[in-house]
Amino acid sequence: MGLYALFKFGKIASFTRNICFDNIGTGIPWRKVDTMGKRIIFHIDVNSAYLSWESVHRLQHGDPLDLRTVPSVVGGDPITRHGIVLAKSIPAKKYDIQTGESIFSAKAKCPELVIARPNYGLYMQCSRAFGNILREYSPLIEQYSIDEYFVDFTNMERLHCDPIKTAYEIKDRVKNELGFTVNVGVSTNKILAKMASELIKPDKVHTIFPDEIAEKMWVLPIEELFMVGRATAKKLRSRAINTIGDLANYDPRLIKLFLKSHGMLVWNYANGIECSPVRESRRTMIKGIGNSTTTPFDVEDAITAYLVLLSLTETVAARLRQTEYCARLVSVSLRNNEFNSCSHQRKIASAIDCTNAIHEIACELFDELWKGEPIRHLGVRVSELCKNDFIQLSLFEKDYEKQRAMDRTIDSLRERFGTNAVFRSSFINSGLRFATGGTVDDEEYPMMSSQL
DNA sequence: TCTGGGGTCCTAGGACCC
DNA sequence: TCTGGGGTCCTAGGACCC
């Protein structure tokens, strides 16, 4: 593979430049937008991230068993109704165990399956250590999710060696220094780099340069294309579009007719057309903060539901204040014991960040939403954020100044002494956690947008 | 013991105004 | 009095990602 990739790299000078078609259906003849010259983008993806990290951690703490060598998964606890597979080992893959399926059904497929509980704090540390290695190769890196980074290696050949050699170096350094394996995809934009890193796993470097799209990407089934999920795949297959190549070579006007803008997005991706920059930080761009949980038991009365909403709101509001935002929209979501979901939202006249204020609205929304059936899942989300340094308090709203002072005090107590330092007495003997979701002092989870 | 949680973006339909 | 059309805002739900 190595020699093959190095050989392929010889073609790099003869790139056809990216062309974006974005005027489908406008009646205007094709407009060719020259995007950029010669970019080099890496996409680095940890192989079975949670499971690898768990294995390495256990080995380092004297466990003789390497989870990666046996059928194993990282998954939640079915007793508290969190029992789904979050990550699986390669031997588990051989039993057709899928990420997202229930632990119950995974065990049915493989009775000797080893199950490890997730440890998000550990994963966050691994993710950071991994990012720190990448930062040595370029000042411009983007964390796309907990286990994925993009690196813009454009013009970095002068400091390091050639891109393919560097990709191998990164892969081997992560393995040798941190103990887990990664795949590195190399190309001229993010979509091709990302598709390349997914090719054959684990511990591999792949390229999909523009002149390799047909050979390496078009032959793949349509489901393998980034942003083609179950629903889109079904629609495409019903029109005999079965491979990425079928989509790439289909008339984009027809795609747009039945898949709208999402159709154009995936048609562009199928053709390797994508020109978004590698962004150092997404943190300034957050759109909303939410927290939801599947309750350990069905909630059947409003008082308990209010308490769950409070526990969710505690973390949402604390994260909101931590990022120095206020919100103008509160939404509540609910899933009943028959797995039907619904949601309800409300705009508020003045932006807020108080736990009590958000909770009060969440409870009102809940009352308007709930029909009385048993509930298994509740969520609180705030959005339409604005900076909290200039809050306009409406004359008609309650004066929340005292509440804000109280929140500040609790936030600082928790910051100094841990999240457990203070909690509301209403949670005593409730069987519920007083603050659901990641603890407040955890570092912000790096989230990705659905587009690159 | 069957089915998580955190995000983003898009669309359709209704209300409302001109 | 009735009808129509365009624009904007709001809401709920769906699709996708890891």
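Cut-off values and rules
Residues numbered from 1 in each chain as written. Chains lettered and ligands numbered in written order. Predicted model: local features only at pLDDT ≥ 70, side-chain atom pairs only at ≥ 80, totals over all residues. Heavy atoms only, no water. Salt bridge = Lys/Arg side-chain N within 4 Å of Asp/Glu carboxyl O. Helix = DSSP H or I, 4+ residues; strand = E, 2+ residues; numbered from the N terminus. Buried < 20%, exposed > 50% of the residue type's maximum accessible area, 1.4 Å probe, protein only. pLDDT = per-residue confidence, 0-100. Contact = heavy atoms within 4.5 Å. Pairing = 2+ DSSP bridges. Axes fitted to C-alpha atoms, helices over the stretch in contact; angles between N-to-C directions.

A.B. asks: So what's going on with the pattern of salt bridges? Which residues, and what values?
C.D. replies: Applying the stated criterion across every chain yields a total of 24 salt bridges. With a closest N to O distance of 2.8 Å, E148 and K194 form a salt bridge. Of this pair, E148 sits in strand β8 (residues 148-152) while K194 sits in helix α7 (residues 190-197), and the two are 46 residues apart along the sequence. There is no split in this pair, since E148 and K194 are both buried. Between E364 and R346 there is a salt bridge, with its nearest N and O atoms 2.7 Å apart. With E364 in helix α13 (residues 355-369) and R346 in strand β13 (residues 341-352), the pair connects residues that are 18 residues apart, well separated along the chain. By relative accessible area, which is 34% here, E364 ends up partly exposed. Each member of the salt-bridge network shares a partner with another, and the members are K171, D172, K175 and D203.

A.B. asks: Quick one: what's the story with the confidence of the model for chain A, residue by residue and with numbers?
C.D. replies: Of all residues in chain A, 85% attain a pLDDT of 70 or more, and the chain-wide mean is 87. Between residues 1-36, whose pLDDT stays under 50, and residues either more than four places distant or in other chains, the model counts 60 contacts.

A.B. asks: How would you sum up the sheet that holds β8? Please name residues and give values.
C.D. replies: Sheet architecture is open: 5 strands sit in the order β7-β8-β3-β9-β10, paired in mixed fashion. Sheet topology places β7 (141-145) and β10 (205-207) at the edges, where each strand pairs with a single neighbour. Each strand of the sheet is rotated relative to its neighbour by a mean of 20°, with strand direction disregarded. For strand β3 (residues 41-46) and strand β9 (residues 182-187), the ladder comprises 6 bridges, and the chain directions are antiparallel. Of the residues in β9, the one forming a bridge with I41 is S187. Running over the sheet, helix α6 (residues 163-178) touches β3, β9 and β10 and is turned about 165° from β9. On top of the sheet, α7 reaches β3, β7, β8, β9 and β10; it is set at about 145° to β9, its chief contact.

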